[in-house]
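Single-letter residue listing:
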Amino acid sequence: MRVCFHGTAEEIALVAGRPMLVLLTARDLPRLRVFEVFHPHVLRHPYQERYRLCADLTETEVNDHA
């Protein structure tokens, strides 16, 4: 899936430098979902010093015993 995150330069740097993201979900779904990040691309957002990071995410398995 392709997703985009909006934020300050510091917030985007935190996300862009990671090979995986852990996302919290709604209460009816599994609590945590882990995604591998592919092809991240940072774009300058044209409004108030904000940036946009777009990337492809692929859900990956989580080992509950780790």
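Residues numbered from 1 in each chain as written. Predicted model: local features only at pLDDT ≥ 70, side-chain atom pairs only at ≥ 80, totals over all residues. Heavy atoms only, no water.

Asks: Just to check I follow, could you spell out the overall build of the chain for this structure?
Replies: When its secondary structure is counted, the chain shows one helix and four strands. For the chain, the succession of helices and strands along the chain, N to C, is β-α-β-β-β. Counting every position in the chain, which comprises 66 residues, the buried fraction comes to 20%. Per element, the accessible surface of the chain, about 5,300 Å² overall, is 55% carbon and sulfur. (Helix = DSSP H or I, 4+ residues; strand = E, 2+ residues; numbered from the N terminus. Buried < 20%, exposed > 50% of the residue type's maximum accessible area, 1.4 Å probe, protein only. Areas by Shrake-Rupley, 256 points an atom, 1.4 Å probe, with all protein chains shown as cover.)

Asks: Would you mind showing me how to read the nonpolar core here?
Replies: The nonpolar side chains of a soluble globular protein tend to be buried, and buried together. Membership of the largest hydrophobic core is limited to nine residues, which are Val3, Ile12, Val15, Leu21, Phe35, Val37, Leu53, Ala55 and Leu57. Elements with a contribution of two residues or more to this core: α1 (9-16), β3 (32-44) and β4 (51-60). Excluding residues that lie within four positions of it along the chain, Phe35 makes contacts with Met1, Pro19, Met20, Leu21, Leu23, Leu57, Thr58, Glu59 and Thr60. (Core = buried A, V, L, I, M, F, W, Y, C linked by side-chain atoms within 4.5 Å. Contact = heavy atoms within 4.5 Å.)

Asks: Before we go on, may I ask you to explain the pairing of β3 in this structure?
Replies: As judged from the five bridges shared by strand β2 (residues 20-24) and β3, these two strands associate in the antiparallel manner. In the strand pairing of β3, Leu21 is matched with Phe35. (Pairing = 2+ DSSP bridges.)

Asks: What should I look at first to understand the confidence of the model for the chain in this one?
Replies: Close reading of the predicted structure is inappropriate where its pLDDT is low. Per-chain confidence: the chain averages 80 in pLDDT, with 83% of residues scoring 70 or above. Element-level mean pLDDT values for the chain span from 81 in β2 up to 89 in β4. (pLDDT = per-residue confidence, 0-100.)

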